[in-house]
Amino acid sequence: MAEDELAVFRDRWKRELWSQKEERRLVPAAPSTTRSHAGDENDDASRGKSELKSECSVGVQEAGYISIAKGLLGGRTSPLLDRLEEERSKRKRNYQDERAVCRGSLKNPQRKVKKEEQLVDQLILDLNEASDIPFFDMELPYELALKIFQYLNRTELGRCAQVSKAWRALAEDGVLWFKLCAREGHRRGAAVSDSPCWKATLRDCRNAAANVRANWKNRVGSISQLQFELGKVLCDVSSCDNYVLAGYSSGDVRLWDKLHWDLPSSYLKSNWLSALAEPRPHVAHVQVAGNIAAAAYHDGCVDVWSTQSGGEPIYHHQMAGSQRALALSLEGSVLASAADSDVRLDGANECGAWRMLALTRLPKPVHSLVLVPGSRVRRRALTAAVAGESVYLLDEEEEEDLRTLHSVYGHPVTCLDASEYHVALGVKNSSWAMHDGGNKIHVYSLATGKAVACVGDSPGDFTCIHLHDGNAPHMMVCGNNDRRVRVLDLRTGSCVSSLYAHHLGVTSVRMDDWKVVSGGGEGLVCVWEMRMGTKLWEMHNRHPVRHVHFDSRTLLTANIPDDKTPRGACITDDDLTAHRRHRGIICHYDFSEEAGAPDGVLPICRSDYDQSHGYNYNIALAMPYDRLR
């Protein structure tokens with residue numbers, strides 16, 4: 001609207017200007033009156049300015065084009081002069097303010113530094129918001145920071161060491177690497193002060209463990225045979241981390257120390273009742289754990305020795321009937337023995353004196369029993385015993401209360417094993433119940449007493465079970481008479497791998513995080529790689545493999561004959577070499593780095609045809625020039 005009014009005003013103003021010019025042309029001016037007329041014009045101009053000032057005061061109330069027209073008639077050159085003056089004054093004031101700020105910054109340089117510091121702080125905050133990079137406050141107490149870093153693994157500690165010098169000093173603290181070393185199972189029982197750099201110690205231990213694993217896979221190491229007296233038949237073998245215990249048909253018990261193989265075997269004397277008996281009773285079962293060794297005889301006697309002192313037994317008791325089973329806790333503090341249908345628990349008190357803890361009679365004769373691990377945490381002994389078709393849990397504090405864990409009529413239990421939280425047992429289906437899907441393994445929880453898994457589906461009987469108690473407690477390995485070794489996952493109830501090797505059935509199995517060792521009735525020992533399900537190597541000896549035990553560096557196997565009194569084997573015969581095949585054998589394999597030296601080559605690889613035990617020679621290892629001899 002204002003633009004239209006301005007255009008109308010311009011047209012009217014142009015017409016007025018043309019009309020004034022035409023009037024001046026028509027009326028000539030007198031020369032005598034020029035000065036007076038000029039003075040009149042000056043008077044009119046001054047009068048117009050005063051009128052303009054008075055009109056500007058009321059210009060708000062008048063229309064826009066009227067005020068502009070009056071200003072033009074009063075002699076003003078532009079209608080926007082006041083506005084231009086305001087803009088000029090505003091720019092001048094801004095310029096003066098900027099100059100004042102510059103002068104103040106030159107006089108006070110600290111203000112600029114503070115501003116730069118604020119910018120740096122703002123930049124740090126922006127970085128934190130943009131990439132989530134933590135800026136660790138090193139004013140935090142060192143112990144608290146160390147507590148935070150102890151939850152990191154070695155890979156995460158290496159990454160934190162690359163952040164800053166302060167973080168590197170914290171990530172390379174000896175206490176952190178000492179705990180990592182202990183967590184992975186290296187240098188057990190060591191103190192923080194035993195190594196100047198636990199990070200380097202852990203690296204060396206891991207390299208050594210990798211070399212030992214390579215020796216395991218390639219069968220690089222040394223082998224030794226543990227023999228007692230020629231002419232004695234091996235009856236039972238037990239081993240732990242430091243000791244090997246063997247019982248013979250002559251009633252003798254021998255103990256070997258793994259740490260000092262150069263020392264002769266320790267002779268453990270039997271009790272005076274068994275020593276005076278004629279003939280001396282055979283050793284039925286042996287057990288060794290911690291600093292305690294125990295042996296059970298067929299006449300019902302049980303002897304307990306100290307592995308440190310040896311010699312005479314420190315404890316002895318006798319039960320009516322023949323000893324059927326013997327079990328010793330991992331700490332060596334509780335001993336369980338079974339004769340016919342009676343189960344007896346014996347243990348040592350705080351002073352080391354042994355006494356009877358409980359005596360329970362089961363409805364049927366005992367077939368096997370195991371002591372549940374973790375008695376030190378539980379503070380009482382818990383025993384699982386198999387009698388016919390039933391499995392019972394015996395508690396030393398609840399002697400009269402017999403707890404039945406599993407019982408199915410017509411389905412006998414063939415094997416048993418226990419871990420800290422579970423009990424696994426192999427159940428044989430009768431011929432009239434084969435429609436149930438074959439033989440199975442039932443796993444029960446010790447906390448609830450209820451079945452948590454039912455795995456396996458095999459036409460053959462399960463002969464041995466081992467519950468893994470390492471980094472994967474949900475894994476289990478079992479052996480069967482159908483010649484297969486099965487690795488089972490308790491979480492899904494499925495078979496992870498099925499390994500076929502033993503033609504006379506599987507008699508013993510054991511596993512760890514990456515391998516499985518199995519023994520068969522034909523005397524074959526096989527080592528399997530669990531992840532790939534492939535056989536790494538095998539060794540053969542006469543008689544079934546009844547005992548398998550290994551750790552990270554060593555392997556112990558025992559081939560125990562079924563016949564303890566073979567026909568035609570006279571123990572007083574001078575030619576004892578002819579009867580070697582009847583006695584059984586204990587083999588110890590060492591895969592440590594020292595054993596991988598040229599002096600530690602397996603004896604089977606160094607044997608020749610002149611040795612009396614050349615029948616053990618593996619012809620696959622013979623060189624071409626050996627065949628031409």
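Whatever comes next refers back to the structure up there.
A.B. asks: Teacher, can you tell me more about the overall build of the protein here?
C.D. replies: Across its full length, the protein carries 14 helices and 32 strands. Here the protein, with 629 residues, has 40% of them falling under the buried criterion. Of all intrachain contacts in the protein linking residues separated by at least 6 positions in sequence, the fraction that spans at least 24 positions is 43%. For the protein, the exposed surface amounts to about 37,100 Å²; the carbon and sulfur share of it is 52%.

A.B. asks: Got a minute to help me understand the side chain of S250 in this structure?
C.D. replies: Inspection of the secondary structure assignment puts S250 in the loop between β3 (243-248) and β4 (253-257). Given a relative accessible area of 18%, S250 falls into the buried group. At a separation of 2.9 Å, a polar atom in the side chain of S250 contacts the side chain of D252. When sequence neighbours within four positions are dropped, the list of residues in contact with S250 reads K232 and R280.

A.B. asks: Is there a simple way to think about the pattern of salt bridges in this case?
C.D. replies: Opposite charge on two side chains permits pairing when their charged atoms draw close. Summed over the entire model, instances satisfying the criterion amount to 16 salt bridges. A salt bridge links R324 to D340; the nearest nitrogen and oxygen atoms lie 3.6 Å apart. Highlighted residues: R324 in strand β10 (residues 323-328) and D340 in the loop between β11 (334-339) and β12 (342-348), separated in sequence by 16 residues. The exposure class assigned to R324 is partly exposed, which follows from its relative accessible area of 40%. According to the relative accessible area criterion, D340 is partly exposed, its value standing at 31%. Overlapping salt bridges bring together R154, E184 and R206 as one network.

A.B. asks: How should I be thinking about the packing of helix α9 (residues 174-183) against helix α10 (residues 198-218) in this particular structure?
C.D. replies: For any two helices packed against each other, one specifies the crossing angle of their axes together with the interaxial distance. Running from amino to carboxyl end, α9 crosses α10 at an angle of 25 degrees, the nearest separation of the two axes being 8 Å. One finds that α9 runs roughly parallel with respect to α10. Considering the relative orientation of α9 and α10, their crossing is left-handed. For the pair α9 and α10, contact is made by G174, W177, F178, L180 and C181 and by W198, K199 and L202, respectively. When its residues are assigned to classes, the contact of α9 with α10 shows six nonpolar, one polar and one charged.

A.B. asks: How do you make sense of the sheet that holds strand β19 (residues 422-427) when you look at a structure like this?
C.D. replies: Hydrogen bonding along the main chain pairs the strands of a sheet, whether they run parallel or antiparallel. Read from one edge of the open sheet, four strands run β18-β19-β20-β21, paired in antiparallel fashion. Single-partner strands in this sheet number two, and they are β18 (413-418) and β21 (451-458). Strand-to-strand, the axes of this sheet are offset by a mean angle of 15 degrees, without reference to chain direction. Inspection of the sheet shows β19 paired to strand β20 (residues 439-445) by six bridges, in the antiparallel sense. The partner of V427 across the bridge, within β20, is K440.

A.B. asks: Honestly, unusual backbone geometry in this entry has me stumped. Any pointers?
C.D. replies: Across the chain, the bulk of peptide bonds are trans and the bulk of non-glycine residues have phi less than zero. In this structure, R187 is a non-glycine residue whose phi angle is positive, near 50 degrees. Assignment of secondary structure puts R187 in the loop between α9 and α10. For R483, which is not glycine, the phi dihedral falls at a positive 80 degrees. Among the secondary structure elements, R483 is positioned in the loop between β23 (475-480) and β24 (484-489). Accessibility expressed as a relative area gives 35% for R483, which makes it partly exposed.

A.B. asks: Help me out: how do you make sense of the sheet that holds β24 in this one?
C.D. replies: The strand order across the open sheet built from four strands is β22-β23-β24-β25, with neighbouring strands paired in antiparallel fashion. A single partner strand is all that each edge strand has here, and the edge strands are β22 (462-467) and β25 (494-500). Averaged over all adjacent pairs, the angle separating strand axes in this sheet is 20 degrees, with direction ignored. In this structure, β22 lies alongside β23, joined through five bridges in antiparallel fashion. Within β23, the position partnered with H466 by the bridge is V477.

A.B. asks: Looking at this structure, how should I read the environment of T448?
C.D. replies: Structurally, T448 is set in the loop between β20 and β21. Here the alpha-carbon distance between T448 and Y421, two residues 27 residues apart in the chain, equals 9.9 Å.

A.B. asks: What exactly am I supposed to notice about the side chain of H547 here?
C.D. replies: Relative to the assigned elements, H547 resides in strand β30 (residues 545-550). Of note is the side chain of H547, whose polar atom sits 2.9 Å from the side chain of S239. Apart from residues no more than four positions distant in its own chain, H547 is found in contact with V237, S238, S239, S508, L556, T557 and A558.

A.B. asks: Just to check I follow, could you spell out the pairing of strand β6 (residues 283-289) for this structure?
C.D. replies: Looking along a regular strand, one sees side chains alternate from face to face of the sheet. Judged by how many residues are buried, β6 sits mostly within the fold: five of seven residues are covered. Where β6 and strand β7 (residues 292-297) come together, six bridges link them in antiparallel fashion. Looking across to β7, one finds that V286 is bridged to A295. The antiparallel pairing of β6 with β7 creates a hairpin that spans two residues between the two strands, and G290 there sits at a positive phi of about 60 degrees.

Reading the values: the criteria
- Residues numbered from 1 in each chain as written.
- Predicted model: local features only at pLDDT ≥ 70, side-chain atom pairs only at ≥ 80, totals over all residues.
- Heavy atoms only, no water.
- Helix = DSSP H or I, 4+ residues; strand = E, 2+ residues; numbered from the N terminus.
- Buried < 20%, exposed > 50% of the residue type's maximum accessible area, 1.4 Å probe, protein only.
- Contact = heavy atoms within 4.5 Å.
- Areas by Shrake-Rupley, 256 points an atom, 1.4 Å probe, with all protein chains shown as cover.
- Polar contact = N/O pair within 3.5 Å; in protein donor to acceptor, adjacent residues only side chain to side chain.
- Salt bridge = Lys/Arg side-chain N within 4 Å of Asp/Glu carboxyl O.
- Axes fitted to C-alpha atoms, helices over the stretch in contact; angles between N-to-C directions.
- Parallel < 35°, antiparallel > 145°, perpendicular 65-115°, else oblique.
- Left-handed = near helix turned anticlockwise from the far one by under 90°.
- Nonpolar A, V, L, I, M, F, W, Y, C, P; charged D, E, K, R; others polar.
- Pairing = 2+ DSSP bridges.

Remember that the coordinates give geometry; whether it matters functionally is a separate question.
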